[in-house]
Amino acid sequence: MDTSRMAPEKRPQEELNRALIFLGPPGAGKGTQAKELAARYRVPHLSTGDMLREHVSKGTALGKEAKPIMERGDLVPDSLVLKMVAERIERPDCSHGFVFDGFPRTVAQAQYLGEMLKQHGHRRPLVIHLVIDPSLLLRRLTGRRTCKACGEIYNVYERPPKVEGRCDNDGGELVQRPDDREEVVAPRLQAYEKQTAPLVAYYRRLGLLHDVDAAKSVEEVGRQVLQSVQSKRGAR
Ligand code: AP5
């Protein structure tokens, strides 16, 4: 039965029961797709970017350390990120799987995650690689606006809200991320190429990688992602 067009409350409950990783450059659509998929399987959506931004807005010690690094488009050191992630995936709500968005981002993070999953008896992760030409990313990033209240993601060019500056869901204020300013986009893309892109080969070697064409519409990308996940649901 094709359940992809059913309202979420009418769909039979499917289980994810594994870690799913969205891998791709800034603006490829990781957050947009990860939210949908996590809601579909009713598992936590774990965005290390959102977790770090929360630390920054609360002014925690971690947030104070991360803020200047994020503002210049570099990666936060592995030691800080790994502790934060380890603490999160040990919580009971992760026992039936979870969706990572923006993690792992270095080979060291991927190796650490592999060990953690083994220790906690989880299956091997499934990695969705969002493939996109870098020339499309500037428009996606500089056009992005996010709802301050619910986190819904818009794009002033591609997915504008019905009322300018206001979220369609709850009327919340739409804001631009400081690192989406044009001058920060290039360093973020360089950090991706240097530190994160090697994960494509790493996960391909392990046979865990699924390429998805991320230049297509949000809906079409979502369909491809779901197909990849469903084709591998039973695999160890
Ligand atoms: P993070 O928050 O993870 O940002 P990122 O990886 O740069 O990715 P983005 O959130 O910018 O893009 P996305 O792929 O999620 O795209 P989205 O769906 O929003 O990280 C921020 C910073 O935190 C890092 O720079 C680093 O400093 C630090 N950090 C985080 N994790 C870390 C880690 N593990 N280790 C070290 N440091 C870490 O979409 C973008 C726009 O495009 C939106 O407007 C959307 O509406 C639009 N869009 C999406 N899909 C489509 C489509 N198919 N067609 C048209 N438009 C689309």
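Everything quoted here is computed from the prediction, not taken from an experiment.

Scoring rules and cut-offs
- Residues numbered from 1 in each chain as written.
- Predicted model: local features only at pLDDT ≥ 70, side-chain atom pairs only at ≥ 80, totals over all residues.
- Heavy atoms only, no water.
- Pairing = 2+ DSSP bridges.
- Helix = DSSP H or I, 4+ residues; strand = E, 2+ residues; numbered from the N terminus.
- Axes fitted to C-alpha atoms, helices over the stretch in contact; angles between N-to-C directions.
- Contact = heavy atoms within 4.5 Å.
- Buried < 20%, exposed > 50% of the residue type's maximum accessible area, 1.4 Å probe, protein only.
- Lys, Arg positive; Asp, Glu negative; His and termini not counted.
- Salt bridge = Lys/Arg side-chain N within 4 Å of Asp/Glu carboxyl O.
- Polar contact = N/O pair within 3.5 Å; in protein donor to acceptor, adjacent residues only side chain to side chain.
- Core = buried A, V, L, I, M, F, W, Y, C linked by side-chain atoms within 4.5 Å.
- Near = heavy atom within 4 Å.
- Areas by Shrake-Rupley, 256 points an atom, 1.4 Å probe, with all protein chains shown as cover.
- Nonpolar A, V, L, I, M, F, W, Y, C, P; charged D, E, K, R; others polar.
- Phe/Tyr/Trp six-rings, centres within 6.5 Å; stacked < 30°, edge-to-face > 60°.

Undergrad: Break down the sheet that holds strand 8 (residues 209–213) for me, with residues and values.
TA: What the 5 strands build is an open sheet, ordered 2-3-1-4-8; its pairing is parallel. Pairing within the sheet leaves two strands with one partner each, and these edge strands are strand 2 (45–47) and strand 8. Sheet twist, expressed as the average angle between the axes of neighbouring strands with direction ignored, equals 20°. In this sheet, strand 8 lies alongside strand 4 (residues 126–131) in parallel orientation, the contact comprising 5 bridges. Opposite Val-127, over in strand 8, you have Leu-209 as the bridge partner.

Undergrad: Hey, could you go over the environment of Val-212 for me, with residue numbers and the actual values?
TA: With respect to the helices and strands, the residue Val-212 is situated in strand 8. Residues Val-212 and Gly-143, spaced 69 residues apart in sequence, show a C-alpha to C-alpha distance of 22 Å. Apart from residues lying up to four places away in sequence, Val-212 is in contact with Ile-128, His-129, Leu-130, Val-131, Val-221, Gln-224, Val-225 and Ser-228.

Undergrad: How would you explain the side chain of Lys-30 if you had to name every residue and give the values?
TA: Following the sequence through the fold, Lys-30 ends up in helix 1 (residues 30–41). For the buried Lys-30, no salt bridge exists, and the shortest N-O distance to an oppositely charged side chain is 5.2 Å, to Asp-101. From its side chain, Lys-30 meets the backbone oxygen of Gly-24 in a polar contact 3.1 Å long. Apart from the residues within four sequence positions on either side, Lys-30 is in contact with Phe-22, Leu-23, Gly-24, Pro-25, Asp-101, Gly-102 and Leu-130.

Undergrad: Let's hear about the nonpolar core: which residues, and what values?
TA: Among the nonpolar cores identified, the biggest contains 34 residues, and Leu-23, Val-76, Ile-89, Phe-98, Phe-100, Leu-113 and Tyr-203 are the most heavily contacted of them. When residues of this core are traced back to their parent elements, those giving at least two are strand 1 (19–23), helix 2 (48–58), helix 3 (61–71), helix 4 (78–89), strand 3 (98–101), helix 5 (107–119) and helix 8 (198–205). Ranked by the residues each element gives to this core, the list is headed by helix 4, at 7 residues. Excluding residues within four positions of it along the chain, Ile-89 makes contact with Leu-46, Cys-94, Phe-98, Phe-100, Leu-113 and Met-116. Judged by nonpolar contacts, the second largest core, of 21 residues, contains Leu-20, Val-43, Val-99 and Leu-126.

Undergrad: I'd like to hear about unusual backbone geometry, residue by residue, with values.
TA: A cis amide bond, omega -5°, links Phe-103 with the succeeding residue Pro-104. Mapped onto the elements, Pro-104 comes out in the loop between strand 3 and helix 5. With a phi angle near 55°, Asn-17 is a residue other than glycine that sits in the positive phi range. You can see Asn-17 is positioned in the segment before strand 1.

Undergrad: Let's hear about the site of the ligand: which residues, and what values?
TA: By nearness alone, 37 residues border the ligand, and Thr-32, Asp-74, Arg-105, Arg-144 and Arg-188 come closest of all. Within the side chain of Arg-177, a nitrogen or oxygen atom sits 3.0 Å from an oxygen atom of the ligand. Val-218 is positioned with one of its backbone polar atoms (N or O) 3.4 Å from a nitrogen atom of the ligand. Expressed as a share of its isolated accessible area of 1000 Å², the protein-covered part of the ligand is 97%. When residues of the shell around the ligand are traced back to their parent elements, those giving at least two are helix 1, helix 2, helix 6 (137–142), strand 6 (153–155) and helix 9 (218–231). Residues belonging to the shell around the ligand are distributed by class as follows: 15 nonpolar, 10 polar and 12 charged.

Undergrad: I'd like a description of the packing of aromatic side chains, backed by residues and values.
TA: One pass over the structure, following the stated rule, counts 3 aromatic pairs. Ring geometry for Phe-98 against Phe-100: centres 5.3 Å apart, planes inclined by 80°, an arrangement best described as edge-to-face. Look at Tyr-202 and Tyr-203: their rings are 5.1 Å apart centre to centre, the planes differ by 85°, and that puts the pair in the edge-to-face class. On the accessibility criterion, Tyr-203 (3% relative accessible area) is buried. Members of the aromatic cluster, each reached through a chain of ring pairs, are Phe-98, Phe-100 and Phe-103.

Purely geometric numbers; function is a separate question.
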